[in-house]
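Residue-level structural notes
Here are the chains, one letter per residue:
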Amino acid sequence: MHRRHLTLAGLAWLGGANATSRTASAGLITALPATAPGIAQSAGHGAVPASLRLLSEEFPPVNFSEGGQARGLSVDIVQAIQQRLGQALPIEFMPWARAFREAQDSQPTALFATARIPERESLFHWVGPIVQFQSTFYARADSRLRLHSLEQAKRMPKVLVVRDWYTLVQLQTAGFRNLQQISDPVQGVRMLAAGRAPLFAAEKLTMPRTLAQAGIRPNAVKELFSFASSEGYIAFSKSTPASTVAAWQAQLAELKRDGTFATIQKRWFPTDTTSR
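This structure is a prediction, so every number in the text was calculated from the model and none was measured. (Residues numbered from 1 in each chain as written. Predicted model: local features only at pLDDT ≥ 70, side-chain atom pairs only at ≥ 80, totals over all residues. Heavy atoms only, no water.)

Side note on the packing of helix 6 (residues 185-193) against helix 7 (residues 207-214)
- Remark: helix 6 packs on helix 7, axes separated minimally by 9 Å, with the N-to-C direction vectors making an angle of 75 degrees. It follows that helix 6 is roughly perpendicular to helix 7 by the angle criterion. Contacts between helix 6 and helix 7 involve Pro-185, Val-186, Val-189 and Arg-190 from the former and Met-207, Thr-210, Leu-211, Gln-213 and Ala-214 from the latter. (Axes fitted to C-alpha atoms, helices over the stretch in contact; angles between N-to-C directions. Helix = DSSP H or I, 4+ residues; strand = E, 2+ residues; numbered from the N terminus. Parallel < 35°, antiparallel > 145°, perpendicular 65-115°, else oblique. Contact = heavy atoms within 4.5 Å.)

A short note on helix 8 (residues 242-257)
- Helix length check: helix 8 (16 residues) gives 22 Å between terminal C-alpha atoms against 22 Å at 1.5 Å per residue, within 8%.
- Taken together, the buried positions of helix 8 are occupied by Thr-244, Val-245, Ala-247, Trp-248, Gln-251, Leu-252 and Leu-255. Down the axis, helix 8 shows its buried residues gathered within 160 degrees of arc, on one side only. Across from the buried face of helix 8, at angles greater than 90 degrees, the exposed residues are Ala-242 and Arg-257.
- Among the residues trailing helix 8, Gly-259 stands out with phi positive, at a value near 95 degrees. (Expected span 1.5 Å × (residues − 1). Buried < 20%, exposed > 50% of the residue type's maximum accessible area, 1.4 Å probe, protein only. Arc of directions from axis to C-beta.)

Focus: the nonpolar core
- Among the nonpolar cores identified, the biggest contains 68 residues, and Leu-54, Ile-77, Phe-200, Ile-234 and Trp-248 are the most heavily contacted of them.
- When sequence neighbours within four positions are dropped, the list of residues in contact with Ile-234 reads Val-78, Ile-81, Ala-110, Leu-111, Phe-112, His-125, Trp-126, Val-127, Ile-130 and Trp-248.
- One finds Ala-139, Leu-147, Leu-171 and Leu-224 within the second-largest nonpolar core, a separate group that totals 16 residues. (Core = buried A, V, L, I, M, F, W, Y, C linked by side-chain atoms within 4.5 Å.)

Thoughts on the pairing of strand 11 (residues 179-182)
- Relative to strand 11, strand 10 (residues 159-162) runs parallel, the two being bridged by four bridges. Paired with Val-161 across the two strands is Gln-181, which belongs to strand 11.
- Between the parallel pair strand 10 and strand 11, the chain is carried across by helix 5 (residues 166-173), and the sense of this crossover is right-handed. (Pairing = 2+ DSSP bridges. Right-handed = clockwise from strand over helix to strand, strands pointing away.)

Some thoughts on the packing of aromatic side chains
- One pass over the full model with this rule turns up 12 aromatic pairs.
- Aromatic pair Trp-126 and Tyr-233: ring centres 5.9 Å apart, planes at 85 degrees, arrangement edge-to-face. Remark: Tyr-233 occurs in strand 13 (residues 221-237) and Trp-126 occurs in strand 9 (residues 124-140); sequence separation between them is 107 residues. As far as burial versus exposure is concerned, Trp-126 and Tyr-233 are alike and both buried.
- Put simply, the rings of Trp-96, Phe-100, Phe-124, Trp-126 and Tyr-233 pair up and form one aromatic cluster.
- Sitting over the face of the ring of Phe-64, Arg-209 holds its NZ or CZ atom 5.1 Å from the ring centroid.
- The cationic tip of Lys-256 hangs over the ring face of Phe-261; the distance from NZ or CZ to the ring centre is 4.9 Å. (Phe/Tyr/Trp six-rings, centres within 6.5 Å; stacked < 30°, edge-to-face > 60°. Lys NZ or Arg CZ within 6 Å of the ring centre and 35° of its normal.)

A word on the packing of helix 2 (residues 73-85) against helix 8
- At a minimum axis separation of 9 Å, helix 2 and helix 8 run at an interaxial angle of 110 degrees. The pairing of helix 2 with helix 8 is recorded here as roughly perpendicular in orientation. Side by side, helix 2 and helix 8 meet where Ile-77, Val-78, Ala-80, Ile-81, Gln-82, Arg-84 and Leu-85 of the first sit next to Ala-247, Trp-248, Gln-251, Leu-252, Glu-254 and Leu-255 of the second.
- Within the contact of helix 2 with helix 8, the residues separate by chemical class into nine nonpolar, two polar and two charged. (Nonpolar A, V, L, I, M, F, W, Y, C, P; charged D, E, K, R; others polar.)

Focus on the pairing of strand 9
- Burial runs high along strand 9: 13 of the 17 residues are buried.
- The pairing of strand 9 with strand 13 spans 14 bridges and is classified as antiparallel. Among the inter-strand pairings, Ala-139 is bridged to a residue of strand 13, identified as Lys-222.
- The sheet contact formed by strand 9 and strand 12 (residues 199-203) spans four bridges and is antiparallel. Of the residues in strand 12, the one forming a bridge with Ser-135 is Glu-203.

Rendered as structure tokens:
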């Protein structure tokens, strides 16, 4: 369970015609190159293969694309890290299930923002945390449901949840057998508002923007209760060099030390304290 103001400084070289076709088909957000082809230099902190992919999903305001530019809390953090490393890699936006699958292939890849939960621990190398997620049950505002526990939710006829989200894994691990997987959170709130399911297990931090995207009034749904929290990270594929992962973690630590991280958080969530 996202989850979006800086713009990319440059276009990384992705290596030939295959990368060009991927750019055209996968919603790649690009700008001008700032480094030489082959290797993107990292300003004295090591080097990163130019083939490193940065993947994300439409999950405002944590990460999203708008007007051909990558935006959001995690985007600002990723771009600030890149700037300090002397890198300018583009970000590809795609449905979460596809991004999650492609982030586990043999090519060095970073996927953000990814909830770090026990079921995913061995799948990636982790850089973070960068955001705090809260798994929350929602119902229609006119519903008489007054759920307060997972055991009560298990007895409901249907619970909507986004495919391959951390929320799905959490509920499956808890023993839920009444889950209906959907493609994205916008679909979920629309189905909930239309009465096609009594419950939607979603992410609290991004729900206001999800409702706006779906064209649904904020008072059309109600929050029942939050049942889990998870920290969001930048998840690097196991094929990513350890030196790259270490360089990114070091620069994230520096962003937190010098106050840049807090400034980015306040920009996107001025009244929220759970993600700091």
